[in-house]
Amino acid sequence: MAAIAGRVCVTVVLLVCVLGGQALDLLMGTTTSGSSPSTPTVRCRCASYPNVTLCSWPEPPHHPPTHYIATYSERHRQSVTKHCHLIQPGSSSSDVISASSSSSDRLWHCHMPSLKLLTDYIINVTAVYSGSSSFHLSSFMLEDIVKPDPPIDVTVSPRDSKRLLLQWSPPPTWAHLDIFPLKYQIKYQRESRGIPRSYNLGPIESNWVVLKLKPGAYLFQVCAKELLNLGECSDWSSPVKN
């Protein structure tokens, strides 16, 4: 939907689309007196339930905005609005956060501490340009966007002539492992021509598993997920070879 008044054009796009484990995009729009600015594409993730929640978006490479304004509120208390703690691309905090991301984009991050459990939130990210602006409005519930960082220190070693011991450590960013345990999924395949195989481990197998496989060279990866199936599994760890 677009409206033009004098030299000012207002464009609003209503989005009704739900993807599992993702925020619900509610509204995107632009207000401009010249060429249409880039609209932020916002993705939210909780890397350590419940206290580490970040919403991120890439900075346009050719025409970056002068600044961003990011606010959030409870869906049913929108009169109480809080400002995000913005983390710029290239800062030391951003480098640590982006290290776990496969994206090559320069990412901005909005940190929202101490969100409530089982509560709908709305985030509004506005990109401000010279003479124009654009915004992205989306809604999420903390439990739907849980996605841990990948496990670390993945190693594989012979247990005996027929079995292999696969071990790993939980992601260090998952701060409350004693209260919110993780479970894990294993993926392996022959190094040369294997078909990937995976299976889920139970909560007792906290950071190791013994595998009985036919002789040969294999690649192994591990992903982590919240024990009660909140959100989605982490990205796969880097492959290791026996």
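Our subject is the structure that appears above.
Note that this is a predicted model, so its numbers are computed, not measured.

Parameters and conventions
Residues numbered from 1 in each chain as written. Predicted model: local features only at pLDDT ≥ 70, side-chain atom pairs only at ≥ 80, totals over all residues. Heavy atoms only, no water. Helix = DSSP H or I, 4+ residues; strand = E, 2+ residues; numbered from the N terminus. Buried < 20%, exposed > 50% of the residue type's maximum accessible area, 1.4 Å probe, protein only. Contact = heavy atoms within 4.5 Å. Areas by Shrake-Rupley, 256 points an atom, 1.4 Å probe, with all protein chains shown as cover. Polar contact = N/O pair within 3.5 Å; in protein donor to acceptor, adjacent residues only side chain to side chain. Core = buried A, V, L, I, M, F, W, Y, C linked by side-chain atoms within 4.5 Å. Pairing = 2+ DSSP bridges. Axes fitted to C-alpha atoms, helices over the stretch in contact; angles between N-to-C directions.

Enquirer: Help me understand the overall build of the protein chain in this model?
Expert: Looking only at helices and strands, the protein chain has 1 helix and 18 strands in total. Counting the 242 residues in the protein chain, one finds 39% classified as buried. When contacts within the protein chain are restricted to residue pairs at least 6 apart in sequence, long-range pairs at least 24 apart make up 59% of them. With an accessible surface of roughly 13500 Å², the protein chain has 55% of that area assigned to carbon and sulfur atoms.

Enquirer: Help me understand the environment of Asn242, please; the structure alone is not making it clear to me.
Expert: With respect to the helices and strands, Asn242 occurs in the segment after β18 (240-241). Asn242 sits 26 residues away from Gly216 along the chain, and the two C-alpha atoms are 8.6 Å apart. Ignoring any residue separated from it by four or fewer positions in sequence, one finds Asn242 in contact with Val156, Leu164, Gly216, Ala217, Tyr218 and Phe220. Side-chain polar atoms of Asn242 contact the backbone oxygen of Gly216, separated by 3.0 Å. Separated by 2.7 Å, the side chain of Asn242 and the backbone nitrogen of Tyr218 make a polar contact.

Enquirer: Even after reading the chapter, I still don't get the nonpolar core, so can you show me in this structure?
Expert: Nonpolar side chains in soluble globular proteins generally cluster together in the buried interior. Judged by nonpolar contacts, the single largest core of 44 residues is most densely connected at Met112, Ile123, Phe140, Leu166, Trp168 and Phe220. With 5 residues, strand β10 (residues 120-129) is the largest single contributor of residues to this core.

Enquirer: In this structure, what is going on with the sheet that holds strand β9 (residues 107-112)? I would like to understand it.
Expert: Whenever strands of a sheet pair, they do so through backbone hydrogen bonds, lying parallel or antiparallel. Judged by pairing direction, the sheet is antiparallel, and its 4 strands sit side by side in the order β4-β5-β9-β8 without closing on themselves. With one partner strand each, in any of the chains shown, β4 (43-48) and β8 (85-87) form the two edges of the open sheet. Pairs of neighbouring strands in the sheet enclose a mean axial angle of 30°, with direction left out of account. In the sheet, β4 pairs with strand β5 (residues 52-58) via 5 bridges, with the strands oriented antiparallel. When the bridges of β5 are listed, Ser48 appears paired with Val52.

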